[in-house]
Amino acid sequence: MAGVTGRLVRGWCLRAVRSSLQVPAQLHMSKTAMGASQKDFESAVNQMKLLKKDPGNEVKLKLYAHYKQATEGPCNTPKPAVFDLINKAKWDAWNALGNLPKETARQNYVDLVSGLSSSSDSSSQVKPEADRKQAGYETLVMTSEDGITKIMLNRPTKMNALTTQMYQEIMLALEAASKDDSTITVLTGNGSYFSSGNDLTNFVISPDELEERARRGAILLRDFVGCFIDFPKPLVAVVNGPAVGISVTILRLFDLVYASDRATFHTPFSHLGQTPEACSSYTFPSLMGPAKAAEMLIFGKKLTAAEACARGLVTEVFPDSTFQKEVWTRLKAYSKLPRNALRISKQMIRNHEKEKLHAINAEESRILQERWQSDECMNAIMNFLSRKAKL
Ligand SMILES: CCCCCCCCCCC/C=C/C(=O)SCCNC(=O)CCNC(=O)[C@H](O)C(C)(C)COP(=O)(O)OP(=O)(O)OC[C@H]1O[C@@H](n2cnc3c(N)ncnc32)[C@H](O)[C@@H]1OP(=O)(O)O
């Protein structure tokens, strides 16, 4: 009986909404953003030889230390005499990396060099100081100013619900932000919502397409979340209003989460016949304990901003009336901090669990691929679309 209902629902969805969905090609982040290969490392070493501007002693020491760690592992030479100042500074820098894995050191070295190259490239170009809006996005507004790249979700009349095009544009925007000369990257929403999560019209498809679309949806989801796991710079969420679904679960992959006191945090996965994503099945219990995580992820309890802050999901809550002013003043000050130190510190905090997060992301995406084809999920989507069509 349920199967028949499911088939009817799927047929109804197609007829009722008459959507002409196109399936865009899947987008993959470049290998460099995912982890530096030996080739990336060698090319960064060669790039350093061509650098025209002296990056200063502090940076040179970091480069030295990461080069040694990447090629030889933890510091293995005797400590130089106290008066041998240069060699002692080099030894201290290398020794300070402790047991940092070779791969991480290699990635950090590549990031350091790429930061130096992009800042020397940018200094050779004449760019206006004013807000630089970047063209080419239909669902986002991307701007760069004062060392901050801002990615703003821009479907305010649909509460910034995430279409498949939007997931792809966000991935492109993150890739661009990871390589630009900004210090901090911010994600925020235009209008009253931060985001209402996955756009449920992503499910408006014909029954014979469902299996293939679910397969592609799972790849899209995995790649999308993967970009956040791997994002190399400090990433800040400016949660301007309510957040639903994946726009809540993804927050644990940000480095700072600032919320207006008007924001709410809602993950109604069970109501939609779906299951948690963006690694939240692991990150939420580890953040707030399994009992509180269950309340959100299994039973769909909606949290206020203050509650989300108490559970560690939000860094700080601001009154809505002063939210934008206070947050941007704070971020502008942070963006003046030494860029490479921020990046390296972020990576030191995040690298420990990266591999685990990728594995969890893959598993959650696989489970959702099955869920999307279930009658429970299709019935829930139909309920939403029926209300929308005022049937
Ligand atoms: C085959 C499968 C392929 C799938 C590929 C996907 C790949 C990645 C998947 C990642 C998994 C993510 C999961 C989630 O995020 S689960 C959460 C999903 N979101 C919701 O359930 C929210 C649904 N929306 C609402 O409940 C309400 O709209 C809301 C409470 C957000 C606001 O209510 P309000 O009454 O204030 O406003 P309206 O409902 O009138 O909204 C205004 C218009 O915006 C449209 N809208 C809003 N949110 C969504 C949405 N999420 N999906 C689609 N449309 C949305 C709403 O319909 C109104 O539109 P109209 O003016 O045209 O009626």
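Cut-offs applied
- Residues numbered from 1 in each chain as written.
- Predicted model: local features only at pLDDT ≥ 70, side-chain atom pairs only at ≥ 80, totals over all residues.
- Heavy atoms only, no water.
- Near = heavy atom within 4 Å.
- Polar contact = N/O pair within 3.5 Å; in protein donor to acceptor, adjacent residues only side chain to side chain.
- Areas by Shrake-Rupley, 256 points an atom, 1.4 Å probe, with all protein chains shown as cover.
- Helix = DSSP H or I, 4+ residues; strand = E, 2+ residues; numbered from the N terminus.
- Nonpolar A, V, L, I, M, F, W, Y, C, P; charged D, E, K, R; others polar.
- Phe/Tyr/Trp six-rings, centres within 6.5 Å; stacked < 30°, edge-to-face > 60°.
- Buried < 20%, exposed > 50% of the residue type's maximum accessible area, 1.4 Å probe, protein only.
- Lys NZ or Arg CZ within 6 Å of the ring centre and 35° of its normal.
- Pairing = 2+ DSSP bridges.
- Domains from an automatic or database assignment.
- Contact = heavy atoms within 4.5 Å.
- Salt bridge = Lys/Arg side-chain N within 4 Å of Asp/Glu carboxyl O.

**Observations concerning the site of the ligand**
(1) Moving on: Near the ligand lie 25 residues; those nearest to it are Lys158, Ser196, Asn198, Leu200 and Ile246.
(2) Moving on: Threonine 157 places a main-chain nitrogen or oxygen 3.5 Å from an oxygen atom of the ligand.
(3) Moving on: Contact distances for the ligand include 3.0 Å between an oxygen atom and a backbone N or O atom of isoleucine 246.
(4) Moving on: Summarising the interface, the protein chains cover 76% of the accessible area of the ligand, which totals 1200 Å² for the free molecule.
(5) Moving on: Within the residue set of the shell around the ligand, elements represented by two or more residues are α8 (210–230) and α16 (375–388).
(6) Moving on: When residues in the shell around the ligand are grouped by element, the largest group, 3 residues, is from α8.
(7) Moving on: Of the residues in the shell around the ligand, the class split is 15 nonpolar, 6 polar and 4 charged.

**Some points on the packing of aromatic side chains**
(1) Moving on: Within the structure shown, the criterion is met by 9 aromatic pairs.
(2) Moving on: Ring plane angle 90 degrees and centroid distance 5.4 Å describe the contact between tyrosine 258 and phenylalanine 318, whose orientation is recorded as edge-to-face. Within this pair, whereas tyrosine 258 is found in strand β7 (residues 256–260), its partner phenylalanine 318 is found in strand β10 (residues 316–318), the two being separated by 60 residues in sequence.
(3) Moving on: Note on tyrosine 258: relative accessible area 1%, which makes it buried.
(4) Moving on: What links up through ring pairs into an aromatic cluster is the set Tyr167, Phe224, Phe228 and Phe254.
(5) Moving on: Lying across the ring of tyrosine 64, lysine 90 places its NZ or CZ 4.8 Å from the centre.

**Section: unusual backbone geometry**
(1) Moving on: Unlike most non-glycine residues, aspartate 146 shows phi in positive territory, near 55 degrees.
(2) Moving on: Here aspartate 146 is to be found in the loop between β2 (140–145) and β3 (148–153).
(3) Moving on: Residue classification places aspartate 146 among the partly exposed positions, given a relative accessible area of 40%.
(4) Moving on: We note that asparagine 160 has phi near 55 degrees; this positive angle belongs to a residue other than glycine.
(5) Moving on: Mapped onto the secondary structure, asparagine 160 falls in the loop between β3 and α7 (164–179).

**A few points about the sheet that holds strand β8 (residues 264–266)**
(1) Moving on: Strand order in the open sheet made by the 3 strands is β6-β8-β9, with mixed pairing throughout. Of all strands in the sheet, those bounded by a partner on one side alone are β6 (243–244) and β9 (303–304).
(2) Moving on: Note that β8 and β9 share 2 bridges and pair antiparallel. Paired with phenylalanine 265 across the strands is leucine 303, a residue of β9.

**With respect to the domain arrangement of the protein chain**
(1) Moving on: Domains assigned within the protein chain are domain 1 (39–115) and domain 2 (140–389).
(2) Moving on: Placing a centre on the C-alpha atoms of domain 1 and another on those of domain 2 gives a separation of 35 Å.
(3) Moving on: Each side of the interface is counted separately: domain 1 has 8 residues, and domain 2 has 8 residues.
(4) Moving on: Connecting domain 1 to domain 2 are 1 salt bridge.
(5) Moving on: Across the pair aspartate 111 and arginine 343 runs a salt bridge whose closest N-O atoms are separated by 3.5 Å.
(6) Moving on: Counting every contact that joins domain 1 to domain 2 gives 2 residue pairs in polar contact (both at pLDDT 80 or more).
(7) Moving on: Elements represented by at least two residues in the side of domain 1 that touches domain 2 include exactly α4 (57–72) and α6 (102–124).
(8) Moving on: With 6 residues, α6 is the single largest residue contributor to the side of domain 1 that touches domain 2.
(9) Moving on: Counted by class, the side of domain 1 that touches domain 2 contains 1 nonpolar, 5 polar and 2 charged residues.

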